[in-house]
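Notes for the structure review
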Amino acid sequence: MHQHHSALGLAAPHSASDAIEIAKGAPLQPVTLVRPHAAARAARFFVEKFPGRSMYAVKANPSPELLRILWDSGVTQYDVASLGEVRLVARTLPEATLCFMHPVKAEEAIHQAYFEHGVRTFSLDSMEELEKIVRATACNGVPAADLTLCVRIRVSSDLSKLSLASKFGVMPDEAKALLLATRQVADALGICFHVGSQAMSPDAYAQAMERVRAAIVEAAVTVDVVDVGGGFPSVYPGMEPQALQRYFDTIHRAFESLPISYSAELWAEPGRALCAEYSSIIVRVERRRGDELYINDGAYGALFDAAHIGWRFPVRLLREPDSRAKTMPFSFYGPTCDDLDHMTGPFELPADIQVGDYIEVGMLGAYGSAMRTAFNGFGSDETVMVADEPMSSLYLQAEAPARTNVVKL
Ligand SMILES: *Cc1c(COP(=O)(O)O)cnc(C)c1O
C-alpha cells in the first residue's frame, strides 16, 4: 500500500482519507506525507499575485520533488545559500536562475558559482564580502561586468516569530559607503532585507521599506532591484496571520513610492510560505505518561522547531472511528535518549489517546524534513504522496472566497 519516492519521482496520489489509511497499515517508522497540489497552489499564488518576481528560498525545503513542483508552477528563480544548494538546484532544474543570497560566502564558492553554474546575483553586507565577490568573479584581472549585487540592510524582526535581525545586514551608518562602493562594480544594484521568519503583520515590510528609502536617499544611488526577502507567514496553532494579499498590497504600495526608476524590479524570497503546506508526518505513540506522549519523531527528526524554539504545529489523532473524548493539552517526547528531545506544545489531542495510536503532525513542509537527522538510529525516509488537504491553509481561502480566512480541517 505504501508508495515510495522513486528515481522517476513520486507515485500516484492516494485518495481523500489518506492519513488514516496509512495509519491502518501500522507503520513502525514515521511516514512523511507530501501534498504536491498544496505546494503548486502556493507557488501559483505567488507567481500570479506577488507584484514582482518570487524566488524560492531553497533552505526551507530542498527536496528535488518540491523544486520540480515549484518550477512547473512558474517559479524560475531560486535563492541559494551554499555551494551545496547551488549544485542541487543546478542539477535538478538546469534552466533555473540561481541567486546566491547568503551575505557571507567562501570566496571559492563565489568563484565556482559564477564560473561553473552561471550565478550572477549575489548578496553582501560588508566591504570584505564585496571585495571577495569582485576578486572571485574577475577573469585574468578583468572585473566581471554582469553582476547583480544586492546589499542587505539590517531591519527589525520585531513583528516576526523568528528573528533574523542580529546576524546579517549592514547598519544604517555604514550603508551609504557600501551602496556607493557596490554601485561602482555592479551592473545592477539591489537592496535586500529579511524581516525575520513568520512575519505576523504586513507592517514588518512597510517598516523595512522605510529603511530602504532612507538608505537610497542618503546614498543617492540608482537602485535597480528591491528584494523584500522572505518572512511570508503560514498558519499554525496560535499564529493566524492576515491574508497574504494584504502583505502583497502593502509591499506594492511601498515599492511604488520609493525613489527608484520605473524599470526597477521588485523581488521576494519566500521559503516557508511556499512549502509549509507541502508535508506532514504520521507518528506513533509509543508510551503515555499522564499528559506526556512519547512519539517516534522529535527534535532530531522533522520536529526540530517544535523542540528547539517551541513552535506549535497542528495535530490530529488518526483513529477510526474517531475518538469522542474531549481534547486536552499534551507535550511530546521524541524517540532519542536525549532530554532535549522534548516538545512542550501544547498539542491538543483527545484525552483517551493511548499507546499504538497514530498522530498526524501538520504543516511540516518548511523547516521540517529539511532538518531531519538519523541521530540515535531513528528517522525514516518513507514518503507517501497524498491528495487530501493540508491541516490548515492560507491558499484554500484565496481560491474559494466564500470560506473563512483560515481553513482548518
Ligand atoms: C531563510 C531565508 C529566506 C526564507 O525565509 P522564510 O521566512 O522561510 O520565507 C529568504 N531569504 C533569505 C536570505 C533567508 O536566509
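What counts, and where the lines are drawn
Residues numbered from 1 in each chain as written. Predicted model: local features only at pLDDT ≥ 70, side-chain atom pairs only at ≥ 80, totals over all residues. Heavy atoms only, no water. Helix = DSSP H or I, 4+ residues; strand = E, 2+ residues; numbered from the N terminus. Rg over C-alpha atoms; globule rule 2.2 N^0.38 Å. Buried < 20%, exposed > 50% of the residue type's maximum accessible area, 1.4 Å probe, protein only. Contact = heavy atoms within 4.5 Å. Lys, Arg positive; Asp, Glu negative; His and termini not counted. Charge placed at Lys NZ, Arg CZ, Asp CG, Glu CD. Axes fitted to C-alpha atoms, helices over the stretch in contact; angles between N-to-C directions. Parallel < 35°, antiparallel > 145°, perpendicular 65-115°, else oblique. Left-handed = near helix turned anticlockwise from the far one by under 90°. Nonpolar A, V, L, I, M, F, W, Y, C, P; charged D, E, K, R; others polar. Polar contact = N/O pair within 3.5 Å; in protein donor to acceptor, adjacent residues only side chain to side chain. Pairing = 2+ DSSP bridges. pLDDT = per-residue confidence, 0-100. UniProt positions renumbered as here; feature names shortened; annotations may be inferred.

Helix and strand counts for the chain come out as twelve helices and 20 strands. Relative to its length of 409 residues, the chain is compact, with a C-alpha radius of gyration of 22 Å against a globular reference of 22 Å. For the chain, the spread of C-alpha atoms along the three principal axes comes to 65 × 40 × 40 Å. Relative to its full complement of 409 residues, the chain shows a buried share of 56%. Across the chain, the fraction of contacts at a sequence separation of at least 24, relative to all contacts at a separation of at least 6, is 74%. Counting 37 positive and 50 negative side-chain charges, the chain places the centres of these two groups 3 Å from one another.

The geometry of helix α5 (residues 107–117) relative to helix α6 (residues 127–137) is characterised by a closest axis approach of 8 Å and an angle of 45 degrees between their N-to-C directions. When the axes of α5 and α6 are compared, the pair comes out oblique. As α5 runs across α6, the sense of the crossing is right-handed. Contacts between α5 and α6 involve E107, I110, H111, Y114 and F115 from the first element and E129, K132, I133, R135, A136 and T137 from the second. Across the contact of α5 with α6, the residue classes break down as five nonpolar, two polar and four charged.

Mapped onto the elements of the fold, F115 is located in helix α5. Expressed as a C-alpha distance, the spacing of F115 and A136, which sit 21 residues apart in the sequence, is 9.2 Å. With residues up to four places along the chain from it excluded, the contact list for F115 reads A136, T137, A138 and C139.

This part covers the side chain of S197. Relative to the helices and strands, S197 resides in strand β9 (residues 197–199). The buried category is assigned to S197, whose relative accessible area is 9%. A polar side-chain atom of S197 sits 3.1 Å from a polar atom in the side chain of R272. Beyond its immediate sequence surroundings of up to four residues, S197 is in contact with S160, K161, L162, L164, G231, R272 and Y367.

Below, the discussion takes up the sheet that holds strand β8 (residues 188–192). Strand order in the closed barrel formed by eight strands is β2-β3-β4-β5-β6-β8-β10-β11, with parallel pairing between adjacent strands. Strand-to-strand, the axes of this sheet are offset by a mean angle of 25 degrees, without reference to chain direction. Sheet topology places strand β10 (residues 225–227) next to strand β11 (residues 265–268); three bridges connect them, and they run parallel. From the neighbouring strand, D227 faces β11, where its bridge partner is W267.

This part takes up unusual backbone geometry. Along the chain, E320 connects to P321 via a cis peptide bond; the corresponding omega equals -5 degrees. With an omega dihedral of 0 degrees, the bond running from G345 to P346 counts as a cis peptide bond. Looking at the secondary structure, you find P346 in strand β16 (residues 342–350). For Y367, which is not glycine, the phi dihedral falls at a positive 55 degrees.

Let us look at the confidence of the model for the chain. The predicted coordinates of low-pLDDT regions are not to be read in fine detail. Of the residues in the chain, 93% have a pLDDT of 70 or more, and the chain-wide mean is 92. Low confidence marks residues 401–409, where pLDDT is under 50. Its contacts with residues over four positions away, or in another chain, come to 18 contacts.

A few words now on the UniProt feature "domain: Orn/DAP/Arg decarboxylase 2 N-terminal" (unreviewed entry) in the chain. UniProt records the feature "domain: Orn/DAP/Arg decarboxylase 2 N-terminal" (unreviewed entry) at residues 46–276, using the numbering of this structure. Secondary structure within residues 46–276 divides into 40% helix and 17% strand; the distance between the first and last C-alpha atoms comes to 14 Å.

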